[in-house]
Amino acid sequence: MLGLRWLFSKFSKPQNEQIKKVDSFLDAMRLSDEQLQDISAHFQAEMEKGLSAKSNETATVKMLPTHVLSTPDGSEKGDFLALNLGSSSLKVLQVKVSEDGKRKVEMNSHTYPIPDGIINGRGTDLFRHVAESLKDFMEKNHINNRKTPLGFTFSFPCRQSKLDEGVLLSWSKNYKARGVQGVDVVESLRQAINRTGGMDVEVLALVNDTVGTMMSCGYDDQHCEVGVTVGTGTNACYMEELRHIDLVEGDEGRMCISTEWGAFGDDGVLNDFITDFDREIDAASSNPGKQLFEKMVSGLYMGELVRIVLLKMIKKGLLFEGRASDTLRTKGIFQTKHIALIEEDKEGLKNTKEILVDLDLSPSEEDCIAVQHVCTIVSFRSANLCAAALAAILTRIRHNHKRKTLRTTVGMDGTVYRTHPQYPKRLQEVVRRLVPDCHVRFMLSESGSGKGVAMVTAVAQKLAIQRQQISETLAAFKLSLEQLQEVRDKMRMEMERGLRKDTHSTASVKMLPTYVYSIPDGTETGKYLALDLGGTNFRVLVVNIQSGLHKSVHMDNKIYTVPQEIMQGTREELFDHIVQCISDFLDYMGMKNTCLPLGFTFSFPYRQTEIDKGSLVCWTKGFKATDCEGNDVVDMLKEAIKRRNEFNLDIVAVMNDTVGTMMTCAYEDHKCEIGLIAGTGSNVCYMEDMRNIETVEGDDGQMCVNTEWGGFGENGCIDDIWTKFDKEVDEESLNVGKQRFEKMMSGMYLGEIVRHILIDLTRHGLLFRGHITDQLKTRGIFETKFLSQIESDRLALLQVRSILRHLGLDSTCDDSIIVKEVCGTVSRRAAQLCGAGMAAVVDKIRENRGLDHLDITVGVDGTLYKLHPHFSQILKETVRVLAPRCDVTFVLSEDGSGKGSALITTVAQQRYSQM
């Protein structure tokens, strides 16, 4: 023990000889750093056992969930009552936490003694005494004017299933009140308060003193995530990742774990470090074989341990000339407070002599030095053991945070830590030696567990209010089965209106004919040129289709950017840019003089009159090029080709990406008769019976109908599920009042909906400490891809915080949980709406065919469906529930815009050749 070497230079040679005798006698108590590392490793293993549901029952370190989910952030406010029961007295406190960020805490308290007869009597008497003391305090301080939140510090091992419930596992600290073990102590307190009467309080939280210490220090230092008490008893708590706690549901966020480390070693893992003196202490205790670590560390046993050592040394003739006094033989006469006095720097030896004389001993100077050294070794071992276990906790936190180094604060309390003159310094030095990669600030809890339990209660009250406000904000996004059924039915009604000639013009679902009369049959072959325009990128492709035994599709393509100034420029600028890209591609492929059949995937709402004619209905997806709406896109492309006068193209077909997706999947699966896009935009197409399409002549066969369901709701039919956030996003869009359904469920808008919700929650002080940053005000900053990343099951909250920091949002762990909840709520609604719309489509096809049951495949494309971790599953489940008579298979499309465009072109050519 390096810390003891200073003693050898302080005394004369005879005195040093006396110290050496003590060292030799207590050699088993003098632990090396290697031994401490071994103990720390054992403790880490016990922590793992305690956190696991499989091994918790046999674990000695119980790792009890406290259901304290957050440390203070400084925004807590209000008036609270606190009870502190953990020693031979009850402390009642009134705690006032200031508002407006002043971070001021005022406390008024009174301590009520608890007679031994109550400590060892009936549990009902104990809680009656607590309730009567509380009533006395409230009456004297005139607190009964309104309901007051109360926190209960109960410093005994409890198993909690929620914050305001705790079943006592076992008594410690000499408490033996009958009928309490196995009982919910909060309910016992409430019953006692009700029986006593005259009090209007609400018990919101049950914590132990260690949790109170962490929370008390956490109010002043938000880096504090560990609490340690070394007093009458000893314990530690810390903030653990919920995903590691098997004993509670949920894996988002953190929860404070009360390690209950006093029982460490009860299974024998500390046998190599337990001395004969410890065994004698244990045998004489009220709970032999239990709380062995606590008996080696805490103040309840430290003085008695020194007394036993002194008696053994006297028996060996090493002290007081072999003569012990009857007083020293009295159990409990030598207390831990004596050790603190003996180890004082300046007055230590003087105090030692006075204490020994009071014990009816006649000490020499050498005896005093020896007794002082015994006290030093016993208290130093306590600090060493505490440091080893704390080092294990700090290492675990560092690993949880995935950091090479950890900077944190440990809140400290307890009479040993507070009153022993050397204990804090020794503990801190050993911790820093054992875990040099953890930079730890040790902070003494100024107000003890009273302030701490008030903080727990304040946080619990604040979180309850926040939870209610957040739930109210997100309630409009949580659609009931009845609401989804209504969306399905309204979608079906609008589809029917779009198909009918007399209502087509006023229908919000336009049901546009595509003049694609059939799906591929597998005989398609040839080489085709394909164009794909549907977002900020434009693609040109050459597609080579081979049929027969070795059926295959080979594609070469090049991607070009469409700058925003061209997207929102003139018609000529947009189509001249498209033709420039085609020219570059033909040069790249050496095909300038080749005239291949061409299919044009144009993924915007347009009205077709033939397979190669389509008039743009309206721009979407951020496009706003002038003088295009109402004009034929094929004609506009031909005009641009003519202006360039470099090459000719045989434009056979124009289609959107949704139809291309269906055709691509149908090439492999002939049951595929529906195409779905769930990406930047959203749309559905399907094969409809010609007899139902009144806007096209002919009743025989089928035709693919492009629903353009993004416009669903433009007539107000879904205003009942349109939230204020949807309205805000719509008002900021380029096409106000249009594409309402798409704006509620497509990738282009989901991030914006989330951003507006986050602003609203922040404005109400529920996020980011109420600070709305310039980044959060920036339109488009919260891209939909962040929803997919944040909602990933594999992504820990630390990584979520990293994403938010990347966006300039300084978030806490609690902020990250809320952001993740908002993202999940918005994306879930999107998937459910998509599923409700799809249910309307498949049920219509089933009814068209007069089937009791329909087996059908949907070809799907789009980044939202592909990349979001939950969208596809929620979509499928919604369809299953809303269309129970349809067995729907979803197949991911492979390049519907390119491959599908070529397949539509070849199907169209086959049809023309047969006419």
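Residues numbered from 1 in each chain as written. Predicted model: local features only at pLDDT ≥ 70, side-chain atom pairs only at ≥ 80, totals over all residues. Heavy atoms only, no water.

### What to know about the packing of aromatic side chains
Alright, step 1. Tallied over the full model, the rule gives 24 aromatic pairs.
Alright, step 2. The interplanar angle of 85° and the centroid separation of 4.8 Å between the aromatic rings of Phe 156 and Trp 171 together place this pair among those described as edge-to-face. Of this pair, Phe 156 sits in the loop between strand 5 (148-154) and strand 6 (158-162) while Trp 171 sits in the loop between strand 7 (165-168) and helix 5 (185-196), placing them 15 residues apart in sequence. Side by side, Phe 156 and Trp 171 carry an identical accessibility label, which is buried.
Alright, step 3. Ring plane angle 65° and centroid distance 4.9 Å describe the contact between Phe 604 and Phe 623, whose orientation is recorded as edge-to-face. Of this pair, Phe 604 sits in the loop between strand 18 (597-602) and strand 19 (606-610) while Phe 623 sits in the loop between strand 20 (613-616) and helix 19 (633-644); the two residues are 19 residues apart in sequence, bridging distant segments of the chain. Of the two residues, Phe 604 and Phe 623, neither departs from the other in class, the shared state being buried.
Alright, step 4. Here the aromatic residues Phe 600, Phe 602, Phe 604, Tyr 606, Trp 619 and Phe 623 are joined through ring pairs into a cluster of three or more.
Alright, step 5. Above the plane of the ring of Tyr 588 lies Lys 558, whose end atom (NZ or CZ) is 4.6 Å from the centre.
Alright, step 6. Above the ring of Trp 722, the side-chain terminus of Arg 740 is found at 3.9 Å from the ring centroid. (Phe/Tyr/Trp six-rings, centres within 6.5 Å; stacked < 30°, edge-to-face > 60°. Helix = DSSP H or I, 4+ residues; strand = E, 2+ residues; numbered from the N terminus. Buried < 20%, exposed > 50% of the residue type's maximum accessible area, 1.4 Å probe, protein only. Lys NZ or Arg CZ within 6 Å of the ring centre and 35° of its normal.)

### Here's the deal with the UniProt feature "coiled-coil region" (unreviewed entry) in the protein chain
Alright, step 1. Under the UniProt annotation, "coiled-coil region" (unreviewed entry) lies at residues 467-501.
Alright, step 2. Spanning residues 467-501, this segment combines 77% helix with 0% strand, and its end C-alpha atoms are found 50 Å apart. (UniProt positions renumbered as here; feature names shortened; annotations may be inferred.)

### Considerations on the UniProt feature "domain: Hexokinase N-terminal" (unreviewed entry) in the protein chain
Alright, step 1. When the UniProt feature table is mapped onto this chain numbering, "domain: Hexokinase N-terminal" (unreviewed entry) sits at residues 22-219 and 470-667.
Alright, step 2. Annotation note: span residues 470-667, helix share 35%, strand share 26%, distance between end C-alpha atoms 47 Å.

### Observations concerning the sheet that holds strand 15 (residues 526-533)
In any sheet, the strands associate via hydrogen bonds between backbone groups, in a parallel or an antiparallel arrangement.
Alright, step 1. Ordered in space as 17-16-15-18-21, the five strands form an open sheet in which the pairing is mixed. Across the chains shown, the open sheet's two edge strands, defined by having one partner strand only, are strand 17 (552-561) and strand 21 (650-655). Pairs of neighbouring strands in the sheet enclose a mean axial angle of 20°, with direction left out of account.
Alright, step 2. Pairing of strand 16 (residues 537-546) with strand 17 involves 10 bridges; the strand directions are antiparallel. Considered in strand 17, the bridge of Leu 541 is made with Asn 557.
Alright, step 3. Contacting strand 15, strand 16 and strand 17, helix 18 (residues 571-589) crosses the sheet at an angle of about 130° to strand 17. (Pairing = 2+ DSSP bridges. Axes fitted to C-alpha atoms, helices over the stretch in contact; angles between N-to-C directions. Contact = heavy atoms within 4.5 Å.)

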